Amino acid sequence: MTSALLTDQYELTMVDAALKDGTADRRCVFEVFARRLPDGRRYGVVAGLGRFLTALTDFRFGDEEIGFLRDRGVIDEGTATWLADYRFTGDVRAYREGEVFFPNSPVLQIEGTFAESVVLETLALSIFNADSAIASAAARMVSAADKRPLAEMGSRRTGEWNAVAAARAAYIAGFGATSNLEAGRTWGIPTMGTAAHAFTLLHDSEEAAFRSQLDALGTGTTLLVDTYDIETAVDTAVRLTDGKLGAVRIDSGDLPSVVAGVRAQLDRLGATSTKITVTNDLDEYTIAALRAAPVDSYGVGTSVVSGSGHPAAGMVFKLVAHRSDSGEWVSVAKKSADKASLGGRKEAGRRLRNGIATAEVVLTTGQVGPDERPLLVPVVTNGEVDPAYLGARGVEAARAHHKLAKAELPADAARIGRGDPAIPTLII
């Protein structure tokens, strides 16, 4: 299916006008960046690059799409002919997926003709804003969990295809699994899941439900123990498994006290290897509050798929340079109050000291220095997408890169409380 109409009308009307006035073929550079991080966030996480590149390869205008645009009066016949032959032929550089970013980090840089590039604005922003918001929230939850596993299970709290993208972004940021099967099939993410309260309520007794699940999935499964009385359920679960149950799940109650009580009960009954997972409306703050509790793993839903209060990363797409009629590069910038942009094609590097980041360096002239890790890498050259960033392979590479990038941050970057960006952005 084409991604060409996942866009706003003004992109096509700009192309229509530019084709008429002769500026459509001017070579341009567009950049995606965030002017600021959400309040209190200390860094962001880039996610969505692989999805954007996949969508770019599918960005085609067929007869049906062109007919729709013509019937609505959005384009004329000349533009219809141009769209029928559309293929992006330019270059794209980007921060690697999983990279951390800061205010004014040029996370995506598109160079091509005005017409072929400007039509990608909404596609790029809709993917990067949503995916980066989710990855940024997920990274905070990973820090709060303090090396305990997290699973994403928020499919029922967002759109059906948004859920697949959310699972991908959370996995890149360090979650270990998802409940979403399409995310597992499409992106190679480990999947998990056992039973809901409905399964217990279906049976004539909680014990019957537990027996059925154990018969189907074995003693290594996780039993949900808070449908009726938790203490009774734990007693039953341990008795049915001879103390060899894999885990119990708790989805309600005052979690610190409930978890402490369940751990004590399990140990008293000899089920010392049985783990405890919790799944009750968790976010980074509740996870941090449970750090001292004997929780072994977490399942997070609404908060992660909604960006934990910040559903968009605040990224914008701006023209920063174009060639003049004489072939010279002209730097351009928006000067609106509170919405100013920085003109010119950028280079970017992460300044390091003893392996720890001290600054984000954004250069309007010159190259990244020897004490700075280059951040922009080529991902599309002359219209050809680098396959290393696509599919399940790209997801695993992004997940691995995120671990490295996050490890470079100062120790206090993991602090969940409000604060300024972990490192300053230096514009040179």
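Residues numbered from 1 in each chain as written. Predicted model: local features only at pLDDT ≥ 70, side-chain atom pairs only at ≥ 80, totals over all residues. Heavy atoms only, no water.

## A short note on the overall build of the protein
Going by this rule: The helix and strand labels rest on DSSP assignments: H or I over at least four residues marks a helix, E over at least two residues marks a strand, and numbering proceeds from the N terminus. Relative accessible area decides the class of each residue, using a 1.4 Å probe on protein chains only: under 20% of the type maximum gives buried, over 50% gives exposed, and in between gives partly exposed. Only the protein chains shown count as cover for residues, and all accessible areas are computed by the Shrake-Rupley method using a 1.4 Å probe. Two residue types count as positive, namely Lys and Arg, and two as negative, namely Asp and Glu; His and chain ends fall outside the count. In this description, the location of a charge corresponds to atom NZ of lysine, CZ of arginine, CG of aspartate or CD of glutamate.
Counting its secondary structure elements, the protein contains 15 helices and 19 strands. A principal-axis box enclosing the C-alpha atoms of the protein has dimensions of 85 × 55 × 35 Å. Here the protein holds 428 residues, and 52% of them are scored as buried. Just so you have it, the protein exposes about 18,700 Å², and 52% of that area is on carbon and sulfur atoms. The positive charge centre, built from 46 side chains, and the negative charge centre, built from 55, are 5 Å apart in the protein.

## Some words on helix H1 (residues 9-21)
Test applied: Here the expected length of a helix is defined as 1.5 Å per residue gap, with one fewer gap than residues.
With 13 residues, H1 should reach 18 Å at 1.5 Å per residue; the first-to-last C-alpha distance of 19 Å fits that figure. Restricting attention to buried positions, one finds in H1 the residues Glu11, Leu12, Val15, Asp16 and Ala18. Phi turns positive, to about 90 degrees, at Gly22, one or two residues after H1.

## What about the environment of Gly193?
Its location among the elements puts Gly193 in the loop between helix H8 (181-187) and helix H9 (197-202). Assessed through its relative accessible area of 56%, Gly193 is described here as exposed. Residues Gly193 and Leu223 lie 30 residues apart in sequence; the distance between their C-alpha atoms is 11 Å.

## Description of the pattern of salt bridges
We apply this condition: Criterion for a salt bridge: a side-chain nitrogen of Lys or Arg within 4 Å of a carboxyl oxygen of Asp or Glu.
A complete count under the given rule lists 24 salt bridges for this structure. As a salt-bridge pair, Arg345 and Glu111 come within 2.4 Å of each other at their nearest N and O atoms. Here Arg345 is found in the loop between strand E13 (329-331) and strand E14 (347-353), whereas its partner Glu111 is found in strand E5 (residues 108-113), with 234 residues between them in sequence. Taking relative accessible area as the criterion, Glu111 reaches 14% and is therefore assigned buried. For Arg249, the salt bridge is made with Asp251, and the minimal N-O distance between the two is 3.9 Å. Classification of Arg249 by relative accessible area gives buried; the value is 15%.

Keep in mind these numbers describe shape, not what the thing actually does.
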